[in-house]
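Examination of the molecular architecture
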Amino acid sequence: MSRKTLAYLLLLAAGLAAPFFVYPVLVMKVLCFALFACAFNLLLGYTGLLSFGHAAFFGTGAYVAGYAIKGWGLPTELGLLAGTAAAAILGWAFGSLAIRRTGIYFAMVTLALAQMVYFIFLQAPFTGGEDGLQGVPRGTLLGLVDLSRDINLYYFVLAIFAFGFWLIYRTIHSPFGQILKAIRENEPRAISLGYDVAKYKLLAFVISATLSGLAGATKMLVFKFATLTDAHWHSSGEVVLMTILGGMGTVFGPVVGSSVIITLQNELADKVGSLVTVIMGSIFVICVLLFRRGIVGEIIALYRRMVGQKG
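Quick summary incoming for the structure in this document. (Residues numbered from 1 in each chain as written. Predicted model: local features only at pLDDT ≥ 70, side-chain atom pairs only at ≥ 80, totals over all residues. Heavy atoms only, no water.)

1. Describing the overall build of the chain
In plain terms, the rule: By the criteria applied, helices consist of DSSP H or I runs no shorter than four residues and strands consist of E runs no shorter than two, each listed in order from the N terminus. This radius of gyration counts C-alpha atoms alone. The globule rule is 2.2 Å times how many residues there are, raised to the power 0.38. To sort residues, take the accessible area from a 1.4 Å probe on protein chains only and compare it with the maximum for the residue type: under 20% means buried, over 50% means exposed, and anything in between is partly exposed.
In terms of helices and strands, the chain carries 13 helices and two strands. Over its C-alpha trace the chain gives a radius of gyration of 19 Å, about what one expects of a compact globule, namely 19 Å for 311 residues. Projecting the C-alpha coordinates of the chain onto the three principal axes gives extents of approximately 60 × 45 × 40 Å. A burial count over the chain gives 48% of its 311 residues as buried.

2. Here's the deal with the layout of surface pockets
Note the cut-off: Cavity means a closed set of points on a 1 Å grid over the protein atoms alone, one where a 1.4 Å probe fits but cannot get out, pocket means an open set with protein on both sides within 12 Å along at least 5 of 7 lines, and lining means a residue has an atom within 4 Å of a point. Grid points are joined across faces, edges and corners, and a volume is the space filled by probe spheres set on the points. For this classification, Asp, Glu, Lys and Arg are treated as charged, while Ala, Val, Leu, Ile, Met, Phe, Trp, Tyr, Cys and Pro are nonpolar and the rest, including Gly, are polar.
Counted as a void, the largest pocket has a volume near 890 Å³. Forming the walls of the largest pocket are 24 residues, and the residues nearest its centre are Thr250, Val251, Val296, Ile300 and Arg304. Counting only elements with at least two residues in the lining of the largest pocket, the list comes to α1 (3-17), α6 (150-172), α7 (175-185) and α13 (294-310). Of the residues in the lining of the largest pocket, the class split is 13 nonpolar, four polar and seven charged. Its boundaries defined by the atoms lining it, the second largest pocket holds a volume of some 670 Å³.

3. A closer look at the nonpolar core
Formally: Think of a nonpolar core as a cluster: buried Ala, Val, Leu, Ile, Met, Phe, Trp, Tyr and Cys residues, connected wherever their side-chain atoms sit within 4.5 Å. Residue contacts are counted whenever heavy atoms from the two residues lie within 4.5 Å of one another.
Judged by nonpolar contacts, the single largest core of 89 residues is most densely connected at Phe94, Leu153, Met220 and Leu221. Ranked by residue count, the leading element in this core is helix α2 (residues 24-47), at 19 residues. Setting aside residues no more than four positions away along its own chain, Leu153 makes contact with Met28, Arg138, Leu147, Leu221 and Val222.

4. Regarding a nonpolar patch on the surface
Defined as follows: In this scheme, patches are assembled from residues that exceed 30% relative accessible area and form no salt bridge. Like charges are connected within 9 Å, while nonpolar side chains (Val, Leu, Ile, Met, Phe, Trp, Tyr) are connected within 5 Å. Working definition of accessibility: Shrake-Rupley area with a 1.4 Å probe, residue cover restricted to the visible protein chains. Salt bridge, as used here, is a side-chain nitrogen of Lys or Arg placed within 4 Å of a carboxyl oxygen of Asp or Glu.
The grouping of Val285, Ile286, Leu289, Leu290 and Phe291 at the surface amounts to a nonpolar patch, some 510 Å² of accessible area in total. Relative to the helices and strands, Phe291 is located in the loop between α12 (275-290) and α13. A residue is classified by how much of its surface remains accessible, and Phe291, at 43% relative accessible area, is partly exposed.

5. Remarks on empty space enclosed by the protein
Per the stated rule, a full pass over the model turns up two cavities of 30 Å³ or more. Of the voids in this model, the largest cavity is the one considered here, and its volume is about 40 Å³. Around the largest cavity, the lining residues are Cys38, Asn41, Tyr46, Phe165, Ile168, Ile172, Thr250, Val251 and Pro254. Of all elements in the fold, only α2 and α6 reach the threshold of two or more residues within the lining of the largest cavity. Residue composition of the lining of the largest cavity, by class: seven nonpolar, two polar and no charged. Within this model, the second largest cavity holds a volume of roughly 30 Å³. In terms of lining, the second largest cavity is formed by Leu31, Cys32, Leu35, Val157, Ile160, Phe161, Ala215 and Thr218.

Have a look at this one:
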């Protein structure tokens, strides 16, 4: 058994045991944002596209899934699929427009489009406006498993995260993923080699948006409501922070970054109040100045230096 396989098995075992040692709802929140950050990292870390509008897909997944379950009476699993599909369609529409630009212009286009979605959710009657979409029932899984129990829901959320993480892992280690890395490193060279760069960018954008929508729909199920915060630009900023802090362009970086940020927010919210935002900003500045590779990136670099010295 390889070291990598053993590491994944140990992490899976830790995930299975986590709800017996940590408050399950907190771990579920971490898993939802970890999936969100991993999806964002596929775009930023492996394709080199900085989006400031990913909260639009996160919020769309949450609102559509919530309304499908509460308003349309769909089963929980179909509601989650509806939210994910809505985010995928929105991702295709946004991506088709945004990929025509690069750099800061791409980022600004995604931000502008996301703000449009935010104001639609603010005004639309089915979202509940500033009060949000509340009282969404968790329902049952396949009509058999009662998801109103936190422990049952936890393992469902863990399975969703594992599926999303596996999909991203397979994507970045496939020939498609290698082409994305080539686009990130040198887009003109990728074009000269005959690759349809726009098509690959759009597909990466849609995959990222789809998984972001799945993360938003899952978070809605955990807390039984969707609010404007899910679609606000602040959520887009948070996922950027999680990715950079953990280490963009690394497989586990977004998971570590989201775990640190969510845990800090949970621990500091009652102690320092609104100063949490200042603390998060300070952490971001320190990370950018001193740990540009992020937590996981720095650990990997240290490990390679140690192995090199031993060799």
